[in-house]
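Here's the letter readout for the chains.
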Amino acid sequence: MCGFYGAIGSNPNVCHEVYEALVCLQHRGQDSAGIVSYDHRFHLKKGNGLVRDIFRAKNMERLTGTWGIGQVRYPTFGGATTEDAQPFQVHYPYGIAMAHNGNVTNAEILTEWLRREKRTIMNSSCDIELILATFAAELGEIGGVDPDPESVFKAIEKVLHRVKGAYSVISLVAQLGMVAFRDPHGIRPLLMGKRTAADGTVEWACASENIALEILGYSDIENIGPGEAVIFRPGEDPLRRKVFSIRHNPCIFEHVYFARPDSIIDNVSVYEARRNFGIQLAKKWQKSGFHADVVIPVPDSACTSASTMARELGIEYREGLVKNRYIGRTFIMPGQGERTSSVRRKLNAIESEFKGKDVLLVDDSIVRGNTSRQIVELARAAGAKMVYFASCSPPVRHPCVYGVDMSTRAELIANETSEVEIAKKLGADAVIYQEISDLRLAVANSGSDLHYCAACFDGNYPTADVSAETLSNIEEARLQDHRQRLSIEADKVGEPG
Ligand code: SF4
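In this report, the structure presented in the accompanying data block is examined. Everything numeric here is computed off the predicted structure, so don't read it as measured data.

F253, W285, M309, L360, V362 and Y402 are the most contacted members of the largest nonpolar core, which has 51 residues in total. Of the residues forming this core, the biggest block, 5 residues, is contributed by helix α9 (residues 270-288). Summarising the domain contributions, this core has at least three residues from each of domain 1 (3-248) and domain 2 (274-450). Listed in part, the 34 residues of the second largest apolar core include I96, L132, V159 and I231.

Next up on the list: the sheet that holds strand β13 (residues 239-242). Strands sit in the order β5-β6-β7-β8-β12-β13 across an open sheet of 6 strands; the sheet is antiparallel. Each of the sheet's edge strands pairs with one partner strand only, and the pair in question is β5 (88-90) and β13. Neighbour to neighbour, the strand axes of the sheet diverge by 15° on average, direction disregarded. Lying on the sheet, helix α6 (residues 149-162) is in contact with β7 (165-173), β8 (177-182), β12 (228-232) and β13; it crosses β8 at an angle near 30°.

Turning to the sheet that holds strand β2 (residues 32-38), a few remarks are in order. Sheet architecture is open: 7 strands sit in the order β3-β2-β4-β1-β10-β9-β11, paired in antiparallel fashion. Since the sheet does not close on itself, it has two edges, and those belong to β3 (42-48) and β11 (219-223), each with one partner. Neighbouring strand axes in the sheet, compared pairwise and without regard to direction, differ in orientation by 10° on average. Pairing between strand β9 (residues 191-196) and β11: 3 bridges, direction antiparallel. Its bridge partner lying in β11, K194 is registered against S219. Set on the sheet, helix α1 (residues 14-24) makes contact with β1 (3-8), β2, β4 (67-73) and β9; between it and β4 the angle comes to about 25°.

Cut-offs applied
Residues numbered from 1 in each chain as written. Predicted model: local features only at pLDDT ≥ 70, side-chain atom pairs only at ≥ 80, totals over all residues. Heavy atoms only, no water. Core = buried A, V, L, I, M, F, W, Y, C linked by side-chain atoms within 4.5 Å. Buried < 20%, exposed > 50% of the residue type's maximum accessible area, 1.4 Å probe, protein only. Helix = DSSP H or I, 4+ residues; strand = E, 2+ residues; numbered from the N terminus. Domains from an automatic or database assignment. Pairing = 2+ DSSP bridges. Axes fitted to C-alpha atoms, helices over the stretch in contact; angles between N-to-C directions. Contact = heavy atoms within 4.5 Å.

See the structure below:
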């Protein structure tokens, strides 16, 4: 999962605006970040780490222009290398800069097609390079010297047919404008907004979450739909076209974990959805017959659900786990080594909230179980009598192939395991999970009739290309990638200091 932002208007310091937006979207990726601006030439700065650590005053001075896009990255594949940081750009056959959020499921086929048919080789393990190369190749066939909006729409249509998986894309095409599009299932979010500058110019921006647009003063915020493409040109109304859509299957996990609670994704409030998760989970807990003295959330994504659950149950809600906010989100840290060590550094227990009590811990999800096990250990060490672990989402039994690093089946703690076994592995007295029907109801309660992707829970992948064979191939590629990362980490350990 990644986050991006793009703006086009009259702001001569668009890079500052993109920077602000990326800080706003930092929760979506902490591995690398980058900004490209355009003023008849592209200017690029990208690097590894947090937004605040990458851009210095001297970089910002160089990023001139009134068009700009930026991205924060969380890798599904590939390590923390600058080669994989986004945006990417090409200068032939046109100047194009591009960034995305998502994951391509037919990367191997595309790589081979680009090599054989277009004499283009890939230089990174980042999917945006594939999408960009495909778009550039398709546009090159029909765009002439200066591609017009019609040829851009046609090229995007070809991209949407050729590139499988989940992807929302933001792009700058030299001399043409800013272009945004979303895969035919609309799995990853994409929104646009409008703002009037002091000089009267109407400005446009796109983002992965509405909060980035709101904070930067944009209004009339709306979704770009599945399979829709939008071209933004200076001084003109945007050109919108439904290019090739199949069915809207947005990611339900955005509501569980990824998005900020103040965001609205595909017209559904994340905060409302999380409150509903708490209401449904409270009903399940009541049926379990277990007793708890206190409900303690695992900060931050579970806080809204946990407080709602506590209120529904009439049990004390206590913030017994304190989080160090200066350490990144553990789920999106690339290597298990980094995940394991950072949990203990990130969370600490307030002993008085645990000592001698039956504790109900509430978290958004249990993926590999390593973080949850360490949290249970913390609760026990702080003196809890009984430790129950509630998950706002159902057991994660299937890998995500659409851009969330939910590993391989073998790494998922709920893979072919019963709830009793999972509790044993976590060291908890019991675990309770949200039912998949309740999860869907919780987002439907929020006024939505979307056909959510919940494949990591139920194994129903919305894109037709995900067969048992593709899953095995993707898992094998991930295992290789993990092995590579481990050997890089081992090399680093062996390096002289
Ligand atoms: Fe989201 Fe899960 Fe679907 Fe991946 S498989 S897109 S995480 S709901």
